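Secondary and tertiary structure notes
The primary structure of each chain is shown beneath.
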Amino acid sequence: MNDIHTPARHIAIVGAGQAGLLLGCALLDRGHQVTIVTNRSAEEIRAGKVMSSQFIFDPALQIERDWGMNQWEADCPKTAGISVSIPTPDGTGNKAVHWHARLDAYGQSVDQRVKMPGWMSEFTRRGGELRIENVGIPELESLAAQHELVLLAGGKGEIVNLFGRNEARSPVRQPMRQLALSYVTGMKRHDYYECVNFNLIPGVGEYFVFPALTTKGENGTQACDIMVFEGVPGGPMDTWGEATTPEQHLEKSLDILKTFVPWEYERSRDCQLTDANGILAGRITPTVRNAVLTLPSGRKVMGLGDAILVNDPITGQGSNNATKSARHYLEAILARGARAFDESWMNATFDALYEGYAEKVVRWTNSLLFPPAEHVIKLLGAAQQAPGLARRIANGFNDPRDYAEYWFDAASAERLIDSEMKKAA
Ligand SMILES: Cc1cc2nc3c(=O)[nH]c(=O)nc-3n(C[C@H](O)[C@H](O)[C@H](O)COP(=O)(O)OP(=O)(O)OC[C@H]3O[C@@H](n4cnc5c(N)ncnc54)[C@H](O)[C@@H]3O)c2cc1C
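What you see is a predicted model; the values in this text were computed from it and never measured. (Residues numbered from 1 in each chain as written. Predicted model: local features only at pLDDT ≥ 70, side-chain atom pairs only at ≥ 80, totals over all residues. Heavy atoms only, no water.)

1. A word on the site of the ligand
Neighbouring the ligand are 33 residues, the closest being Asn39, Ser52, Ser53, Asp306 and Ser319. Thr38 places a side-chain nitrogen or oxygen 3.3 Å from an oxygen atom of the ligand. Taken by itself the ligand offers 1000 Å² of open surface, and the protein chains cover 91% of this. The dominant element in the shell around the ligand, judged by the number of residues it contributes, is helix α8 (residues 318–335), at 4 residues. Taken together, the residues of the shell around the ligand break down into 12 nonpolar, 19 polar and 2 charged. (Near = heavy atom within 4 Å. Polar contact = N/O pair within 3.5 Å; in protein donor to acceptor, adjacent residues only side chain to side chain. Areas by Shrake-Rupley, 256 points an atom, 1.4 Å probe, with all protein chains shown as cover. Helix = DSSP H or I, 4+ residues; strand = E, 2+ residues; numbered from the N terminus. Nonpolar A, V, L, I, M, F, W, Y, C, P; charged D, E, K, R; others polar.)

2. Quick notes on the sheet that holds strand β15 (residues 292–294)
Two pairing modes exist for strands in a sheet, parallel and antiparallel, and in both the strands are linked by backbone hydrogen bonds. Here 6 strands make up an open sheet; going across it, the order is β6-β2-β1-β7-β16-β15 and the pairing mixed. Whereas interior strands pair on both sides, the edge strands pair on one side only; in this sheet they are β6 (129–132) and β15. Adjacent strand axes in the sheet meet at a mean angle of 25 degrees when their direction is disregarded. Across 2 bridges, strand β7 (residues 149–152) lies against strand β16 (residues 300–303) in parallel orientation. (Pairing = 2+ DSSP bridges. Axes fitted to C-alpha atoms, helices over the stretch in contact; angles between N-to-C directions.)

3. Remarks on the domain arrangement of the protein chain
Looking at the protein chain, the domain boundaries give domain 1 (10–67 + 111–172 + 287–367), domain 2 (79–109 + 176–283) and domain 3 (374–424). Just the C-alpha atoms count here: the centres of domain 1 and domain 2 sit 28 Å apart. In total, about 2200 Å² of surface goes out of reach between domain 1 and domain 2, with carbon and sulfur atoms giving 60% of it. Per-residue buried area on domain 1 facing domain 2 is highest for Arg46, Phe55 and Ile314; these three make up 27% of the total on that side. Across the contact surface, domain 1 and domain 2 share 1 salt bridge. The partner of Arg113 in a salt bridge is Asp275, with the nearest N and O atoms 3.0 Å apart. At the boundary of domain 1 with domain 2, the tally comes to 15 residue pairs in polar contact (both at pLDDT 80 or more). Considering each element in turn, the side of domain 1 that touches domain 2 owes the most residues, 3 residues, to helix α3 (residues 58–66). Grouping the constituent residues of the side of domain 1 that touches domain 2 by class yields 11 nonpolar, 4 polar and 7 charged. (Domains from an automatic or database assignment. Buried area = accessible area lost by both parts, 1.4 Å probe. Salt bridge = Lys/Arg side-chain N within 4 Å of Asp/Glu carboxyl O.)

4. What about the nonpolar core?
Burial of nonpolar side chains together is a common tendency in soluble globular proteins. Of all hydrophobic cores here, the largest spans 67 residues; its most connected members are Leu23, Leu140, Leu151, Tyr329 and Phe350. Element by element, the count of residues in this core is highest for helix α1 (residues 18–29), at 8 residues. Dropping the residues within four chain positions of it, Leu23 is found in contact with Ile13, Trp67, Leu151, Leu304, Ala326, Tyr329 and Leu330. One finds Val196, Ile393, Ala394 and Tyr403 within the second-largest nonpolar core, a separate group that totals 38 residues. (Core = buried A, V, L, I, M, F, W, Y, C linked by side-chain atoms within 4.5 Å. Buried < 20%, exposed > 50% of the residue type's maximum accessible area, 1.4 Å probe, protein only. Contact = heavy atoms within 4.5 Å.)

5. Things to note about the pairing of strand β8 (residues 178–185)
Taken across its 8 residues, β8 has 7 buried, putting it largely inside the fold. Strand direction decides the pairing type here: β8 and strand β11 (residues 220–231), joined by 7 bridges, are antiparallel. Along β11, the bridge assignment pairs Ser182 with Met227. The pairing of β8 with strand β13 (residues 279–283) spans 5 bridges and is antiparallel. If you follow Ser182 over to β13, its bridge partner there is Ile279. Bridging between β8 and strand β12 (residues 272–273) involves 2 bridges; their strand directions are antiparallel. Counted as the bridge partner of Val184 is Leu273 from β12.

6. A word on the packing of α1 against helix α4 (residues 112–125)
It is the contact of α1 with α4, at a shortest axis distance of 10 Å, that shows an interaxial angle of 25 degrees. Judged by the angle between their axes, α1 and α4 are roughly parallel. Pair α1 / α4 crosses with left-handed handedness. For the pair α1 and α4, the contacting residues are Gln18, Leu21, Leu22, Gly24, Cys25 and Leu28 in the first and Lys115, Met116, Trp119, Met120, Glu122 and Phe123 in the second. By residue class, the composition of the contact of α1 with α4 is 8 nonpolar, 2 polar and 2 charged. (Parallel < 35°, antiparallel > 145°, perpendicular 65-115°, else oblique. Left-handed = near helix turned anticlockwise from the far one by under 90°.)

7. A word on the packing of aromatic side chains
Geometrically, a pair of aromatic rings is defined through the distance of the ring centres and the angle of the planes. This model, assessed by the stated rule, comprises 17 aromatic pairs. Residues Phe341 and Trp345 carry aromatic rings whose centres are separated by 4.9 Å and whose planes lie at 55 degrees to one another, so their mutual orientation is tilted. For the residue pair Phe341 and Trp345, the accessibility class agrees, reading buried in each case. Here the aromatic residues Phe55, Phe57, Phe198, Phe208, Phe210, Trp364, Phe397, Tyr403, Tyr406 and Trp407 are joined through ring pairs into a cluster of three or more. Here the guanidinium or amino end of Arg113 rests over the ring plane of Tyr183, the centre of that ring lying 5.9 Å away. Above the plane of the ring of Phe408 lies Arg363, whose end atom (NZ or CZ) is 3.9 Å from the centre. (Phe/Tyr/Trp six-rings, centres within 6.5 Å; stacked < 30°, edge-to-face > 60°. Lys NZ or Arg CZ within 6 Å of the ring centre and 35° of its normal.)

In structure tokens:
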């Protein structure tokens, strides 16, 4: 509920995704008036293609729980750990590195085709106004004239290019991976707890796979596994253009597994696609944009989520960032009381998020897009003998700021390896 000293603010959000719907619902709960304008209806989302693999780690899941937005938690498979495998370079299909470690608490992935329609209903149930409309500059002008704050959370929609690219914060200038997703059923379980299974194939790319909850029929849900392919551009995993039908897409997925990660092929060979829309292929340029857009009228619009902070999915942080950004913005909006949401507040709010959190996520994520430094290979190898190190690396996914302690320089990595090896001896 709203604090008695704080008037209800009138806030518009463009985009009904992870960031926009979460923040919208949380603001409504605190007595503010929120309009969300988005360009796809719940029915269109549900009947459309998958958009993401949307794996969310516990700290971000906790935000959803705190805000009463964890409607699928009981039904969704729980993923308890992280595994890392690296094949030997000789092409024999053996593993040079393999370990698995438990996360402090489980993570989950709920297909956005299930989650966003559900959250849209929740948003209107809480009293929000939801409009289906494609937003361009004229619509932003009209929203800005009628609201005290307009947040543009348009994800990867064209419109977000209106925010200028922040060159200093965006060192990677082109897509570094060809991405593809296959949502499947029928995968065999391995003989340890459920993991996000990372397979790093030097020079070729990465393959990761984990359980999720997806759509079934018109309104049902079912458990599935999501295969995520990250191919080095021009390499042997960058051949999705050849797959023009869902069947060919699945066939290509299995071919890649058979060639590069045969242990994953063995448990996937009988898989079927969840549905014809359970596939995706694309590329992303990792980009941090400026937080504020000035409209022709001079009015200001602030960015939220992927609109201004988009990473390659290689570390599975985008939905996590969007969720943590929603909490950060909520706290900043509440702390603002009755004062205007001016440009300096907008910039200060995003800068605090970036400098206090996101910068380290961006740095770690970008580091994985380039051939790994020798000390990183050593870290991943040593984790096989040192369970404490494996746990530390795995739990960094919860809050990647921890990697700043040891990931980026050889001396810190060596110190950590030494101390964890002694503990394991
Ligand atoms: C292949 C792939 C795999 C991924 N895997 C993971 C993962 O495992 N874990 C993870 O944390 N993240 C992952 N991500 C990233 C994650 O999906 C995004 O970071 C997250 O969805 C961003 O949330 P958002 O609210 O900012 O944007 P979105 O969820 O994309 O929402 C944007 C909204 O804006 C609307 N919109 C767009 N343009 C307009 C317009 N002009 N007018 C009105 N509405 C508009 C859209 O319809 C949508 O509702 C992955 C991404 C990809 C591509």
